[in-house]
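Examination of the molecular architecture
Residue-level listing of the chains:
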Amino acid sequence: MKVSRVILLVFFGMCITFSAMAQNISELREQKDKTRQEIEYTNWLLNKTGESSKASLNQLSLLNEQITLRNKLITEYNEQINLLQQSISENEFLISIMSEDLEKIRDDYAQLIRQAQRKSGDSNTLIFLMSSKSFNQAYKRLLYIRQMTQHRQKQSEQIDAIRSVLLVKSEELSHTRHELQDIVQQQMQEFSQLQNEQNRQSATYNQLQNRQRELTQHLRSQQRIEQRLENEIQRLIEEEARRALEIARTPEFEILSEDFEKNKGRFPWPTRHGVITDKFGEHAHPVMKNIIIRNNGIDITTRPDEKARAIFQGTVSRVFAIPGGNTAVIIRHGEFITVYSNLK
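Only a predicted model underlies this, so the values are computations on that prediction, with no experimental measurement involved.

About the criteria used
Starting afresh in each chain, residues are numbered from 1 along the sequence in its written order. Residues qualify for local features only when their pLDDT is at least 70, as the model is predicted, and side-chain atom pairs are given and counted only at 80 or more; totals for whole chains, interfaces and linings, by contrast, use all residues. Only hydrogens and water are set aside; all other atoms, that is, all heavy atoms of the structure, feed into the side-chain values. Each pair of aromatic rings taken from Phe, Tyr and Trp, with Trp reduced to its six-membered ring, is defined by centres within 6.5 Å and is described as stacked if the planes are under 30 degrees apart, edge-to-face if over 60, and tilted in the remaining cases. For helices the rule is a DSSP run of H or I covering at least 4 residues; for strands it is a run of E covering at least 2, with both sets numbered from the N terminus onward. Exposure is judged per residue with a 1.4 Å probe applied to protein chains only, and the accessible area is read against the type maximum: over 50% gives exposed, under 20% gives buried, and values in between give partly exposed. Should any heavy atoms of two residues lie within 4.5 Å, those residues are considered in contact. Think of a nonpolar core as a cluster: buried Ala, Val, Leu, Ile, Met, Phe, Trp, Tyr and Cys residues, connected wherever their side-chain atoms sit within 4.5 Å. The span one expects for a helix is its residue count, reduced by one, times 1.5 Å. This arc is built from the directions going out from the helix axis to the C-beta atoms.

**Here we look at the packing of aromatic side chains**
Taken as a whole and judged by the stated rule, the model has 4 aromatic pairs. For the ring pair F260 and F336, a centre distance of 4.9 Å and an interplane angle of 20 degrees mean the geometry is stacked. Here F336 lies in strand β7 (residues 336-343) and F260 lies in helix α6 (residues 251-262), a separation of 76 residues in the sequence. As far as burial versus exposure is concerned, F260 and F336 are alike and both buried. Both rings, one in F267 and one in F312, keep their centres 5.8 Å apart while their planes meet at 75 degrees; by these two values the pair is edge-to-face. Of this pair, F267 sits in the loop between α6 and β1 (275-278) while F312 is found in the loop between β4 (299-301) and β5 (315-322), placing the two residues 45 residues apart along the sequence. Note on F267: relative accessible area 24%, which makes it partly exposed. Taking relative accessible area as the criterion, F312 reaches 18% and is therefore assigned buried. An aromatic cluster is built from F260, F267, F312 and F336, whose rings are joined through pairwise contacts.

Right, here's the structure in full:
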């Protein structure tokens, strides 16, 4: 009976481990699918970019993002491979110890059967009981016979149960090994894709290096547009500030300002889909050395027909056009404002 308890405890412990591992593997699969969708979307955007200097710069940014996502996907493959290898090792260990215990129980069961065969038959059982020296001894012998019968039955059930578990675990082991082979093969394909993207990135970078004059002209033009946009935004902000002094600071105004402040860092994207191709703040130009770009927002590359959305509850304060920069919208959120530009 001690053997069966050990099996029960070990198997229960393994079940907990396998359950947690299965959950981790499932989460990794979902994360991989999400990363792969982001890669496919970025690739779609890459195929839609043109040959102009602006599009080529954007293409380089998209390639950089795609390479980052591809490396992330490869890392997720590594994590899944490690979990699958761990699952295989633990399954092999469980199958090993259960096989050993099954063999021990089979030996014990065989020995009990041999003993039962030597004492088999109703006449032998009756002689065994009738040869008792007292009623108390006969009663104890009867209990012994019943216990031996029950013990054989339990061992038979244990053998059947362990066989069933071993069959399930063997099938799981085979499935996990096949899955591991598939994952390793898929990861190798991702490495191949990564190499292609890095080659494309290098080629795009070299092409842009050879178009320094065009890039410089584009940068100056873009800076003039952004400066006009910045000046207009600053002018409107000053107007909004003067208006804010005249606006009654109602409880609703205060609540909206407070809610906006609390949600900083947790705002949703202003588009359902898209890729950040220029980040906030000062950073080096992706091609031209010693050129620092200053961005007061973030640039999101998305589909031409994508809808722009306000990131927080508020009121449209201004809608205006900037030559070369399409339409811009200012939305007030109590004390705060957000600006959305290059809209159509």
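**Re the environment of L73**
Along the chain, L73 falls in helix α2 (residues 53-118). With relative accessibility at 0%, the residue L73 sits in the buried group. Separated by 117 residues in the primary sequence, L73 and E190 have C-alpha atoms spaced 8.0 Å apart. If near-sequence neighbours (up to four positions away) are discounted, L73 is found in contact with K32, T35, R36, I39 and E190.

**Some thoughts on the nonpolar core**
Counting 14 residues, the largest nonpolar core has L84, L180 and I183 as its most contacted members. Listing elements by their share of this core, those giving two or more residues are α1 (2-48), α2 and α4 (135-209). Here this core takes 8 residues from α2, the largest share from any one element. Excluding residues within four positions of it along the chain, L84 makes contact with I25, T176, E179, L180 and I183.

**Observations concerning α6**
With 12 residues, α6 should reach 16 Å at 1.5 Å per residue; the first-to-last C-alpha distance of 16 Å fits that figure. For α6, the full list of buried residues reads F253, L256, S257 and F260. One side of α6 carries all its buried residues, which in axial view fall inside an arc of 100 degrees. Across from the buried face of α6, at angles greater than 90 degrees, the exposed residues are P251 and K262. Among the structural elements, β6 (326-333) and β7 are those in contact with the buried residues of α6.

None of this, on its own, says anything about what the molecule does.
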